[in-house]
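Residue-level structure breakdown
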Amino acid sequence: MTPKTVLLVAGSAGFSTRDVWEGYREGLTQCGVQVIPYATFSMLRVLSHEAVGNDIIGKAHDVRTGVDAVVFIDGMHFSAERAWVPATLRDSNILTAVIKTDDPYCPIADTQRLYHLVCTNELKQKPDSEAYLPTATLPPPDVSTLIGKEPESDIVFVGTLFEDRVATMLRLAEHCNRRGLRFRMAGNFPSDASKFKRIPAVAFSSGTVRPEAKWRMYAASKLVLNLFRAADQAVSPSPRVFEVTALGGPALLTGVRREEVTRIFGDSVYHFDDPDELCDQVDRAIADDADRRKRVARAKSITDQAHLYRHRSETLLKLLARQRAQNTTVRVTTGHFDAADAHAESGVTDKRDGVAEERLAWLIGCGRTGSTWLCEMLDALPEMRGWHEPYFGRLVQHLADRPDERKRPSAFFFDGNGKAGLRAIREAFYEVARTKYPGFGGEALVVKEVNTPELFAMIEELFPLSRMLFLVRDPFDVLDSYIDMRQPGSWNRASNDRSSSDPRHLAKHIASAFGRAADAFDAFEASQKLLIRYESMIDGTAGELTRICSFLGSQPKPEEIEQVLDRFRFDRHKDTGPGAFRRHGRPGVWRDSPHFTPPVRETAERILGDLRDRFGYTESSPL
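Section: the overall build of the chain
From N to C terminus, the chain includes 26 helices and 17 strands. Against the compact-globule benchmark of 25 Å for 623 residues, the chain has a radius of gyration of 28 Å, which places it among compact chains. Counting only C-alpha atoms and orienting by the principal axes, one finds that the chain spans roughly 90 × 65 × 50 Å. Pairs at least 24 residues apart make up 72% of the contacts formed inside the chain by residues separated by at least 6 positions. Per element, the accessible surface of the chain, about 27,200 Å² overall, is 49% carbon and sulfur. Distance between charge centroids for the chain: 3 Å, based on 84 positive and 87 negative side chains.

As for empty space enclosed by the protein
As enumerated under the stated definition, the model contains 1 cavity of 30 Å³ or more in all. Here the largest cavity defines a volume of roughly 50 Å³. Residue lining of the largest cavity: Val244, Thr245, Gly248, Pro250, Ala251, Leu252, Ser268, Val269, Arg295, Val296, Ala299 and Lys300, and that is the complete set. Taken together, the elements giving at least two residues each to the lining of the largest cavity come down to helix H9 (239-247), strand E11 (251-255) and helix H12 (289-306). The residue inventory of the lining of the largest cavity, partitioned by class, reads 7 nonpolar, 3 polar and 2 charged.

With respect to the nonpolar core
Leu360, Trp362, Phe429, Phe470, Leu479 and Phe514 are the most contacted members of the largest nonpolar core, which totals 53 residues. The set of elements that each furnish at least two residues to this core consists of strand E13 (360-364), helix H18 (420-436), strand E15 (444-448), helix H19 (459-462), strand E16 (467-472), helix H20 (475-485), helix H22 (503-523) and helix H26 (598-615). In terms of residue count, H22 provides more of this core than any other element does, 9 residues in total. In this structure Leu479 touches Pro503, Leu506, Ala507, Ile510, Phe596, Val600, Ala604 and Leu608, once residues within four positions along its chain are discounted. Listed in part, the 31 residues of the second largest apolar core include Phe183, Ala193, Leu225 and Tyr270.

Re helix H11 (residues 275-287)
Owing to its 3.6 residues per turn, the α-helix brings residues three or four apart onto one side. Taking 1.5 Å as the rise per residue, H11 with 13 residues should run 18 Å; its terminal C-alpha atoms sit 18 Å apart, in good agreement. Buried residues of H11: Leu278, Cys279, Gln281, Val282, Asp283, Ala285 and Ile286, and no others. Residues of H11 that are buried in the fold lie against strand E7 (153-160), helix H6 (166-179), strand E10 (221-227), E11, strand E12 (270-272) and H12. Measuring from the backbone nitrogen of Asp276 back to the side-chain oxygen at the start of H11 gives 3.2 Å, which picks out Asp274 as the cap.

Topic: the sheet that holds strand E9 (residues 202-206)
Read from one edge of the open sheet, 6 strands run E9-E8-E7-E10-E11-E12, paired in parallel fashion. This sheet does not close on itself; its edge strands, each paired only once, are E9 and E12. Sheet twist, expressed as the mean angle between neighbouring strand axes with direction ignored, is 20°. With respect to the sheet, H6 is in contact with E7, strand E8 (183-188), E9 and E10, its orientation differing from that of E8 by roughly 150°. Each of E7, E10, E11 and E12 touches H11; the most contacted strand, E12, lies at about 160° to it.

Some points on the packing of aromatic side chains
Taken as a whole and judged by the stated rule, the model has 25 aromatic pairs. Considering the side-chain rings of Tyr430 and Phe463, the 5.9 Å spacing of their centres and the 65° angle between planes classify their relative orientation as edge-to-face. Note that Tyr430 is positioned in helix H18 and Phe463 in the loop between H19 and E16, a separation of 33 residues in sequence. Per residue, the accessibility class of Tyr430 equals that of Phe463, and both read buried. A cation over a ring is seen here: Arg258 above Phe228, with NZ or CZ 3.8 Å from the ring centre. A cation over a ring is seen here: Lys529 above Phe521, with NZ or CZ 4.8 Å from the ring centre.

Notes on the pattern of salt bridges
For the structure shown, the criterion picks out 46 salt bridges. Asp522 is the salt-bridge partner of Arg614, the closest N and O atoms lying 2.9 Å from each other. Here Asp522 lies in helix H22 and Arg614 lies in helix H26, a separation of 92 residues in the sequence. In this structure Arg614 comes out as partly exposed when scored by relative accessible area, which is 42%. It is possible to trace a salt-bridge network through shared partners that takes in Lys318, Arg322, Glu460 and Glu525.

Notes on the sheet that holds strand E2 (residues 34-39)
With respect to topology, 6 strands assemble into an open sheet ordered E2-E1-E3-E4-E5-E6, the strand pairing being parallel. This sheet does not close on itself; its edge strands, each paired only once, are E2 and strand E6 (131-132). Summarising the sheet, strand E3 (residues 69-73) and strand E4 (residues 96-100) pair through 4 bridges and their orientation is parallel. Across the sheet, Phe72 pairs through a bridge with Val98, a residue of E4. Together, E3, E4, strand E5 (117-120) and E6 form the strand contacts of helix H13 (residues 309-326), whose direction differs from that of E5 by roughly 150°.

Brief notes about unusual backbone geometry
A cis geometry characterises the amide bond from Gly255 onward to Val256, with omega recorded as 0°. With phi around 60°, Glu383 is a residue other than glycine that occupies positive phi space. Structurally, Glu383 is set in the loop between helix H16 (371-379) and strand E14 (384-388). Looking at Glu383, the relative accessible area reads 44%, which means it is partly exposed. Even without a glycine there, the phi angle at Tyr391 is positive, about 55°. Examined against the element boundaries, Tyr391 turns out to sit in the loop between E14 and helix H17 (397-401). Under the relative-accessibility criterion, Tyr391 is labelled partly exposed at 32%.

So, the confidence of the model for the chain
When pLDDT is averaged along the chain, the result is 87, and 91% of the positions lie at 70 or above. Per-element confidence in the chain ranges from a low mean pLDDT of 36 for helix H14 (residues 339-345) to a high of 97 for E13. In the predicted structure, residues 328-352 sits below a pLDDT of 50 and forms 46 contacts with residues beyond four places in sequence or in another chain.

Considerations on the side chain of Arg612
Structurally, Arg612 can be placed in helix H26. Discounting chain neighbours no more than four positions away, the residues touching Arg612 are Asp474, Pro475, Phe476, Trp590, Arg591, Tyr617 and Thr618.

Conventions we followed
- Residues numbered from 1 in each chain as written.
- Predicted model: local features only at pLDDT ≥ 70, side-chain atom pairs only at ≥ 80, totals over all residues.
- Heavy atoms only, no water.
- Helix = DSSP H or I, 4+ residues; strand = E, 2+ residues; numbered from the N terminus.
- Rg over C-alpha atoms; globule rule 2.2 N^0.38 Å.
- Contact = heavy atoms within 4.5 Å.
- Areas by Shrake-Rupley, 256 points an atom, 1.4 Å probe, with all protein chains shown as cover.
- Lys, Arg positive; Asp, Glu negative; His and termini not counted.
- Charge placed at Lys NZ, Arg CZ, Asp CG, Glu CD.
- 1 Å grid on protein atoms, 1.4 Å probe; cavity = no way out; pocket = protein on both sides within 12 Å on 5 of 7 lines; lining within 4 Å.
- Points joined across faces, edges and corners; volume = space filled by probe spheres on them.
- Nonpolar A, V, L, I, M, F, W, Y, C, P; charged D, E, K, R; others polar.
- Core = buried A, V, L, I, M, F, W, Y, C linked by side-chain atoms within 4.5 Å.
- Buried < 20%, exposed > 50% of the residue type's maximum accessible area, 1.4 Å probe, protein only.
- Expected span 1.5 Å × (residues − 1).
- Polar contact = N/O pair within 3.5 Å; in protein donor to acceptor, adjacent residues only side chain to side chain.
- Pairing = 2+ DSSP bridges.
- Axes fitted to C-alpha atoms, helices over the stretch in contact; angles between N-to-C directions.
- Phe/Tyr/Trp six-rings, centres within 6.5 Å; stacked < 30°, edge-to-face > 60°.
- Lys NZ or Arg CZ within 6 Å of the ring centre and 35° of its normal.
- Salt bridge = Lys/Arg side-chain N within 4 Å of Asp/Glu carboxyl O.
- pLDDT = per-residue confidence, 0-100.

Printed below as a string of structure tokens:
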């Protein structure tokens, strides 16, 4: 289960690392975690290195604090001769993690030996054994009184000017001087700064810039320059990228161009690869106020939706929960030590469950996507079982509808009870699954739950080692099938319910179910999820079944696949066609369906158009 109390240890590095530490300190708190902050850089003023290490270990082991995970921000200080600190914690079965904040500039040795979980903020540095956890930003302070007024600067740079960027900065300063633009520079400048001071367009100040001064300079400028340090192996954003875009005032000008920055922000920020392009982009941004403001709004929306430290903290907690589930011996303190409690808190209630969970798969999506057909075929294969619609998700519907119940002390699902409510739900599933499927674990179990979308977002927390199968189909075909099954005399008993037969109501249901499934799928561990398309199932059933079985740890023989295909051929079914449970067995039915009248098509485009584009069913997003 997710850690409830985290000892958050900062390294001894400079302000950039401290900003990350502060970010996770607030982000984890926003996620409901009790954070015990440990500022190594402050403690070293009064304690020796040896005493600081012992103090951290003592706090982690103190049962009164209830620490169930120790997260190191940076990690460089606790490497080499001080690696004994995280090593001691890991060897005593306390969950440990490190977020490497200076990749790829200062690599840390032996991280896999020192930590259960290793995270890097640089995508290109990430080996398979590590997790990618990029930098982010806290919500900016309120500087609205400055935004929108006449800017004090046209362009501002705040930070450290490394030697390899001096030539570029001089070129920009001289360009600003020729164009009559105001260039503000503030921060640490190891090189000779006299060259900049001689340029009239430059307002220059040297020394550490306090946060409040930094935000003021950002807000009072049209453009903020971000200069990346020279590193051949770097593609990811820096904290400045996110903090400037979150502000919503100045536009971000960033370079040299990095792949991840372009992927995330596209043209909502200004990119450059060399000094010439830098100067061209400055001219472009200053000349077109309307375009610049549009870019600022788009960039702010992108950051606000996915790149705050609250979002990174949510990801970190999921990674820690998954690591705990994989480590059944991780100690969990609960105020008083009890072996049974510690075992239950570890997230694995039975050793059989921990083994079986890796062969447990949740088939999610929406109804009328071919999920019954797929589940039937999987159930017919050796070493595979298919569980048709147990409606397990109904057990958490109340929590899905009212997530605040996790914060209400008297609630069944109150997190302050060590998430005992969620553990009980998990245990109930395994109790029924082991009774119904005695071979579970030796056999893979696929649970078809397409009709309980309230479960989708909670699968990772409840079953962190399980697999996820996301079955998608053209939403227009799904809507056509829903309309057909709600016609009088159809196989569906709800066909006489007029409200549920309204195409607008049906389209909204499809959009909601598919949307919740897609969000859960996107957030799930990449190595534990598989996307399946109905259209691919039709065109290449044998290959898709083989791919799914391999993903679930099963290797059926080709003749076994062929036998299943023959058994479940569409033409073997007698009751097919309009109004039947199995209608046509082909994609694209909506195109010539009598149900898809012009008004229905308009409703479908309005409600399901974005979903079709997201899934790749429109010309603008080809499969």
